Amino acid sequence: KSRADMVRNLRLSQTNLAARDAACGLPPGGTTSKVMQGKVGLGKSQITDHVRAAFDERWQATLGAQFGLADYAAFRTAVDQLARA
C-alpha cells in the first residue's frame, strides 16, 4: 500500500470511531485499550462497585429474568453443561 492509502484508511478509521462514539453517547476524542497487561481477569479489579451494580441490575432484568440465571458464572456453568450433553 502507498502512504496515501494508509493515510486515507487511518482517516476512515478515525471517522468510524468518532461516529461510534457519538452513537454510544461517548465524548469525542476518547482513547481505548483492549489489552492492558495481557492477563485474563486483571480488568475486574478496575470495575467500580457502581458499574458492577449496574451490570447486575441489567443482568437481572434481562438474562436473569428470562433464563433464571443468577449471574454470568451461572450462565457459563449452564453452557458448559449443555456442551457436555
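Enquirer: How do you make sense of the overall build of the chain when you look at a structure like this?
Expert: If you tally the helices and strands in the chain, you get three helices and zero strands. Reading the helices (α) and strands (β) of the chain from amino to carboxyl end gives α-α-α. By the burial criterion, 5% of the 85 residues in the chain qualify as buried. Surface exposure of the chain reaches about 7,800 Å², of which carbon and sulfur atoms provide 59%.

Enquirer: Quick question: what am I supposed to make of the packing of aromatic side chains here?
Expert: Aromatic ring pairs are reported here in terms of the distance separating the ring centres and the angle at which the planes meet. Scanning the model with the defined rule gives three aromatic pairs in all. Between the aromatic rings of Trp 59 and Tyr 72, the centroid separation amounts to 6.3 Å while the plane-to-plane angle is 85 degrees, which identifies the pairing as edge-to-face. On the criterion of sequence distance, the pair formed by Trp 59 in helix H2 (residues 49-67) and Tyr 72 in helix H3 (residues 72-84) is long-range, its members being 13 residues apart. With a centroid separation of 5.6 Å and 35 degrees between ring planes, the pair formed by Tyr 72 and Phe 75 is classed as tilted.

Enquirer: Can you help me understand the layout of surface pockets in this one?
Expert: A water-sized probe rolled over the atoms picks out the places where empty space is left. Here the largest pocket is characterised by a volume of approximately 330 Å³. Lining the largest pocket are Lys 44, Ile 47, Arg 52, Phe 55, Asp 56, Trp 59, Ala 70, Asp 71, Tyr 72 and Ala 73. Taken together, the elements giving at least two residues each to the lining of the largest pocket come down to H2 and H3. Ranked by residues supplied to the lining of the largest pocket, first place goes to H2 with four residues. Taken together, the residues of the lining of the largest pocket sort by class into six nonpolar, no polar and four charged.

Enquirer: What is the right way to read the environment of Leu 17 from this model?
Expert: When you line up the elements, Leu 17 lands in helix H1 (residues 3-23). Separated by 13 residues in the primary sequence, Leu 17 and Gly 30 have C-alpha atoms spaced 9.5 Å apart.

Enquirer: Sorry, what's going on with the environment of Asp 71 here?
Expert: Within the fold, Asp 71 resides in the loop between H2 and H3. Overall, the relative accessible area of 35% leaves Asp 71 in the partly exposed class. Taking the C-alpha atoms as reference, Asp 71 lies 9.7 Å from Phe 55; in sequence the two are 16 residues apart. A polar atom in the side chain of Asp 71 sits 3.2 Å from the backbone nitrogen of Ala 73. Within the structure, Asp 71 has its side chain in polar contact with the backbone nitrogen of Ala 74 (distance 2.9 Å).

What counts as what
Residues numbered from 1 in each chain as written. Predicted model: local features only at pLDDT ≥ 70, side-chain atom pairs only at ≥ 80, totals over all residues. Heavy atoms only, no water. Helix = DSSP H or I, 4+ residues; strand = E, 2+ residues; numbered from the N terminus. Buried < 20%, exposed > 50% of the residue type's maximum accessible area, 1.4 Å probe, protein only. Areas by Shrake-Rupley, 256 points an atom, 1.4 Å probe, with all protein chains shown as cover. Phe/Tyr/Trp six-rings, centres within 6.5 Å; stacked < 30°, edge-to-face > 60°. 1 Å grid on protein atoms, 1.4 Å probe; cavity = no way out; pocket = protein on both sides within 12 Å on 5 of 7 lines; lining within 4 Å. Points joined across faces, edges and corners; volume = space filled by probe spheres on them. Nonpolar A, V, L, I, M, F, W, Y, C, P; charged D, E, K, R; others polar. Polar contact = N/O pair within 3.5 Å; in protein donor to acceptor, adjacent residues only side chain to side chain.

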